[in-house]
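# A structural walkthrough
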Amino acid sequence: MADYGNAFRTFKHGALHGFMTGLFLILPIIGINSLYERRSFRYTLVTAGYWAVCCTIMGGIICGWQ
């Protein structure tokens, strides 16, 4: 924090990290569970997309909150 201060504490930056969390952490978990349960690909996209949007909004709010 001493080097950058609040330079990266924006809603946009937090939303980026939230989306990356949804894409690289949540999507594989939902995908593996969907394959195990023999669900459709559409179900996987809808469920993972929901969580990606939630993580994006949460990341943006948490990072933008000062």
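Computed from a predicted model, the values in this text were never measured in an experiment.

Let's shift gears to the overall build of the protein chain. Looking only at helices and strands, the protein chain has two helices and zero strands in total. Taking 11 Å as the expected radius of gyration for a compact globule of 66 residues, we find that the protein chain reaches 15 Å, considerably beyond that expectation. Referenced to the eigenvectors of the C-alpha coordinate spread, the extents of the protein chain come out at roughly 50 × 15 × 10 Å. Taking all 66 residues of the protein chain together, the buried fraction comes to 26%. Counting only carbon and sulfur atoms, one obtains 70% of the accessible surface of the protein chain, whose full area is about 5300 Å².

One non-glycine residue, Arg-38, adopts positive backbone phi at about 55 degrees. Note on placement: Arg-38 falls in the loop between α1 (11-37) and α2 (41-64).

Attention now moves to α1. The end-to-end C-alpha distance of α1 is 36 Å, a good match for the 39 Å that 27 residues give at a rise of 1.5 Å each. At Ile-26, α1 shows its maximal bend, which comes to roughly 35 degrees, and the proline Pro-28 appears one to four places after that position. Those residues of α1 not exposed but buried are Gly-14, Ala-15, Gly-18, Gly-22, Ile-26, Ile-30, Gly-31 and Ser-34. In the core, the buried residues of α1 are packed alongside α2.

Glancing now at the side chain of Thr-44. Looking at where Thr-44 falls in the secondary structure, it is placed in helix α2. Excluding residues that lie within four positions of it along the chain, Thr-44 makes contacts with Ile-30, Gly-31 and Ser-34.

Turning next to α2. The end-to-end C-alpha distance of α2 is 34 Å, a good match for the 34 Å that 24 residues give at a rise of 1.5 Å each. Taken together, the buried positions of α2 are occupied by Thr-44, Thr-47, Ala-48, Ala-52, Cys-55, Thr-56, Gly-59, Gly-60 and Cys-63. The elements touched by buried residues of α2 are α1.

Further remarks concern a nonpolar patch on the surface. Taken together, the side chains of Leu-16, Phe-19, Met-20, Leu-23, Phe-24 and Leu-27 make up a nonpolar region of the molecular surface, amounting to roughly 540 Å² of accessible area. Mapped onto the fold, Leu-16 is located in helix α1. Given a relative accessible area of 44%, Leu-16 falls into the partly exposed group.

Rules and cut-offs
Residues numbered from 1 in each chain as written. Predicted model: local features only at pLDDT ≥ 70, side-chain atom pairs only at ≥ 80, totals over all residues. Heavy atoms only, no water. Helix = DSSP H or I, 4+ residues; strand = E, 2+ residues; numbered from the N terminus. Rg over C-alpha atoms; globule rule 2.2 N^0.38 Å. Buried < 20%, exposed > 50% of the residue type's maximum accessible area, 1.4 Å probe, protein only. Areas by Shrake-Rupley, 256 points an atom, 1.4 Å probe, with all protein chains shown as cover. Expected span 1.5 Å × (residues − 1). Bend = angle between axes of the 7 residues up to and from the residue. Contact = heavy atoms within 4.5 Å. Patch = residues over 30% accessible without salt bridge, like charges linked within 9 Å, V, L, I, M, F, W, Y side chains within 5 Å. Salt bridge = Lys/Arg side-chain N within 4 Å of Asp/Glu carboxyl O.

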